[in-house]
Amino acid sequence: MRPVCVLGAAALAAALAVSGPAAADTDAEPPQRVRTGVQILGFLGVDFALLYLSAPPTADPPGNVRLIDKLRLRAWSFDASAFATNFVAHPLAGTFFYTTARSNRSGPLESLAWASLASLTWELAEFPENVSLNDLIVTPVAGASIGESFVQLSQWLDRRPRSAGRTALATLLFPMKLVNGAPPDDETDGALTASLRLVAGATLHGESELGVQLATRLVHFPGFGAPGEGVRMGFAGNVSELSLDTRASRSGLADLRFTAGAALATVYQRSIAADGDGWDLLVTGGVAYDVRQHRWDAGPLDAWSSVHVPGVSMQLRRMAGPLRISARADLALTLAGARSFALDGGQATLPIATLTTTQQAWGYTMGWGVALAPALEVAYGPFSLALAGSLDTRYSLDRPDPWPDRHPTARITDAWSSLRGGASVKLPWSDLEISASVQRSLRRGSAGSFTRTAGETTALVAIGFALE
């Protein structure tokens, strides 16, 4: 064990030694690929040392997996890790890989490639386990979704007038720039839409709830929303989004959702007159990450997480004086991990041998699905009305299981949908806004022949800041 620890420490020391001071870098500097590789290997070396010292996951098959079997594609499967490991810890690791490459001057697509290579390297070196199919997708895709959103928001803050608060927040979002510097910035000011609200409300026949909503959307594209005509393309993470929505009642956490998304390719077309009237169209292709928990009917916490790859988004806006109309639709294929809503209901009975290892050990199942989210907003002056919906589906992926003697066959499906209508008014003081909304949510799951469904209607009022 000691040589491995020494190797990990030496790799990390080499990574820090290769890192030059941020002040020495210039915007014209090409990607520092050697430095990126050394720093990622340093992180993996430390992680490998911790792996060597720690006990293997409880649900994993005993023994080691030969590298030759991994290289010959004979030891590839879905893994047996806990939900928090696969859909919280691994996205954070992917964020480190991605932002390390971005701080070393790599663009979004190359940084995604670096995160994918780092994930594959780890899977090959991780001797107790098979190469994890889900980790090879979730780690880099979630890392790019979170990482690019953090990078873009950090750079937007750096372009604002300097203040201690802005500098601290920009550094917190993108700490690797302290080591390597920030990626080149074309100094194009982004169109930031941001909101921070305190919310209060209740579910029908349920308890009252209090919570916080935070959302940002940054479009960093030359000429966005400005007078002019024409079509332009971009591949520099030109659209990025972050949101956090959480509410609690006297019984504890009622709802939690965090999402992040980033465009890897953007097309923008506009026809806007000098007085601001006209229309524009924004089409993006990219990645996204979503993790949520919810308590249905005062029962146990439900959990769902997914990565969207590939994802496509289209937004069409019409501006005519004080009238603004915006229509948007998002569509994506997903890889998801979700608790089986049917099995959590306690009435479904499936033979244990038909369930995957993750379902047996941790209560959730991997799956593929589709995510769809249309939205329409109509605003006139300070008043606006909005209607939005969403649908997420998941169809279980049973094989290959990490245990070679297990051949699960259970067909488990899940769906989560919602429809929300709301109204808001901006007050004439410091971007204050008051809003109210009603949302109907539906959760459905099936396991074998058993189906379980739960619905919930929630009414919320909110007050907070809305920046456009």
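See above for the structure.
All of these numbers come straight from a predicted model, not from anything done at the bench.

S.K.: Looking at this structure, I do not really get the overall build of the chain. What am I missing?
M.R.: The secondary structure content of the chain amounts to 10 helices and 15 strands. The C-alpha radius of gyration of the chain comes to 23 Å, within 12% of the 23 Å expected for a compact globule of 468 residues. Dimensions of the chain, computed from C-alpha atoms along their principal axes, come out at roughly 70 × 60 × 40 Å. The 468 residues of the chain split such that 47% are buried.

S.K.: Is there a simple way to explain the pairing of strand β6 (residues 239-249) in this structure?
M.R.: On any regular strand, side chains alternate: one points to one face of the sheet, the next to the other face. One ladder, built from 10 bridges, connects strand β4 (residues 208-219) with β6; its direction is antiparallel. The partner of L218 across the bridge, within β6, is S240. The turn linking β6 back onto strand β7 (residues 252-272) is made up of two residues.

S.K.: Could you clarify how one ought to interpret the pattern of salt bridges in this entry?
M.R.: Side chains that differ in sign of charge can pair as their charged atoms come close. On inspection of all chains with the given rule, the structure shows 21 salt bridges. Of the charged contacts, one joins R217 and E241 as a salt bridge, the two residues approaching to 3.4 Å between their closest N and O atoms. A residue pair is termed long-range when its members are at least 10 positions apart, and R217 in strand β4 and E241 in strand β6 qualify at 24 residues. Judged by relative accessible area, R217 falls into the buried class, the value being 16%. Note that D414 is salt-bridged to R394, the shortest N-O span being 2.2 Å. Within this pair, whereas D414 is found in strand β13 (residues 412-426), its partner R394 is found in strand β12 (residues 383-396), the two being separated by 20 residues in sequence. Accessibility classification places D414 together with R394 in one group, the buried group. Shared partners join several salt bridges into a network, and the residues in it are R217, E241, R328 and D330.

S.K.: What exactly am I supposed to notice about helix α4 (residues 83-103) here?
M.R.: Side chains of residues three or four places apart in an α-helix project in the same direction, reflecting 3.6 residues per turn. The end-to-end C-alpha distance of α4, which contains 21 residues, comes to 30 Å, matching closely the 30 Å that a straight helix rising 1.5 Å per residue would cover. Its axis deflected by about 30° at H90, α4 carries its strongest bend there, up to four residues before the proline P91. Downstream of α4 by a residue or two, R105 has a phi angle that is positive, lying close to 80°.

S.K.: Mind showing me how you'd approach the nonpolar core here?
M.R.: Generally speaking, a soluble globular protein has its nonpolar side chains buried in company with each other. Core analysis: the largest hydrophobic core is formed by 29 residues, its most contacted members being F83, F87, L192, Y289 and V307. When residues of this core are traced back to their parent elements, those giving at least two are α4, α6 (133-158), α7 (164-173), β3 (191-203), β7, β8 (278-295), β9 (301-320) and β11 (364-380). Here L192 is in contact with L153, W156, T216, R217, L218, L467 and E468, once residues within four sequence places are set aside. If you look at the next biggest cluster of nonpolar residues, it comprises 10 residues, including L44, A101, A118 and W122.

S.K.: Help me understand the pairing of strand β14 (residues 432-447), please; the structure alone is not making it clear to me.
M.R.: Examined bridge by bridge, β13 and β14 share 15 bridges and lie antiparallel to one another. Bridge assignment links R420 to a residue of β14, and that residue is Q439. If you look at the hairpin formed by β13 and β14, you'll find five residues sitting between the two strands, and S430 has a positive phi there, around 50°.

S.K.: In this structure, what is going on with the packing of aromatic side chains? I would like to understand it.
M.R.: Geometrically, a pair of aromatic rings is defined through the distance of the ring centres and the angle of the planes. Counted by the stated rule, this structure contains 15 aromatic pairs. Aromatic side chains W304 and W416 sit 6.1 Å apart centroid to centroid with 85° between the ring planes, which places their arrangement in the edge-to-face category. Here W304 is found in strand β9, whereas its partner W416 is found in strand β13, with 112 residues between them in sequence. Exposure class is identical for W304 and W416. Each is buried. Among the aromatic side chains, those forming a connected cluster through ring pairs are W296, W304, F341 and W416. Between the NZ or CZ atom of R406 and the centre of the ring of W403, over which it lies, the distance is 4.4 Å.

S.K.: Sorry if this is basic, but what is going on with a nonpolar patch on the surface here?
M.R.: Residues L196, L198, V212, L214, L244, I434 and I463 make up a contiguous nonpolar surface patch of roughly 570 Å² in combined accessible area. Elements represented by at least two residues in the nonpolar patch include exactly β3 and β4. Among the structural elements, L214 can be located in strand β4.

S.K.: What am I meant to see in the packing of helix α2 (residues 33-53) against α4 here?
M.R.: Two quantities define a packed helix pair, namely the angle between the helix axes and the distance between the axes. Look at α2 against α4: their axes get within 9 Å of each other, and the N-to-C directions meet at 160°. Relative to α4, the element α2 is oriented roughly antiparallel. The chirality of how α2 crosses α4 is right-handed. Contacts from T36, Q39, I40, F43 and L44 of α2 reach α4 at F96, F97, T100 and A101. Residues of the contact of α2 with α4, tallied by class, amount to six nonpolar, three polar and no charged.

S.K.: Honestly, unusual backbone geometry in this entry has me stumped. Any pointers?
M.R.: Peptide bonds are, in most cases, trans, and in most cases residues other than glycine have a negative phi. Cis peptide bonds are those with omega within 30 degrees of zero, and the linkage from V309 to P310 qualifies with -5°. Mapped onto the secondary structure, P310 falls in strand β9. Cis geometry marks the peptide bond from R399 to P400, where omega comes out at 5°. Among the structural elements, P400 can be located in the loop between β12 and β13. With phi around 65°, L73 is a residue other than glycine that occupies positive phi space. Within the element layout of this structure, L73 appears in the loop between α3 (67-71) and β1 (76-77). The exposed category is assigned to L73, whose relative accessible area is 59%.

Rules of the game
- Residues numbered from 1 in each chain as written.
- Predicted model: local features only at pLDDT ≥ 70, side-chain atom pairs only at ≥ 80, totals over all residues.
- Heavy atoms only, no water.
- Helix = DSSP H or I, 4+ residues; strand = E, 2+ residues; numbered from the N terminus.
- Rg over C-alpha atoms; globule rule 2.2 N^0.38 Å.
- Buried < 20%, exposed > 50% of the residue type's maximum accessible area, 1.4 Å probe, protein only.
- Pairing = 2+ DSSP bridges.
- Salt bridge = Lys/Arg side-chain N within 4 Å of Asp/Glu carboxyl O.
- Expected span 1.5 Å × (residues − 1).
- Bend = angle between axes of the 7 residues up to and from the residue.
- Core = buried A, V, L, I, M, F, W, Y, C linked by side-chain atoms within 4.5 Å.
- Contact = heavy atoms within 4.5 Å.
- Phe/Tyr/Trp six-rings, centres within 6.5 Å; stacked < 30°, edge-to-face > 60°.
- Lys NZ or Arg CZ within 6 Å of the ring centre and 35° of its normal.
- Patch = residues over 30% accessible without salt bridge, like charges linked within 9 Å, V, L, I, M, F, W, Y side chains within 5 Å.
- Areas by Shrake-Rupley, 256 points an atom, 1.4 Å probe, with all protein chains shown as cover.
- Axes fitted to C-alpha atoms, helices over the stretch in contact; angles between N-to-C directions.
- Parallel < 35°, antiparallel > 145°, perpendicular 65-115°, else oblique.
- Left-handed = near helix turned anticlockwise from the far one by under 90°.
- Nonpolar A, V, L, I, M, F, W, Y, C, P; charged D, E, K, R; others polar.

Read these as spatial facts, not as claims about activity.
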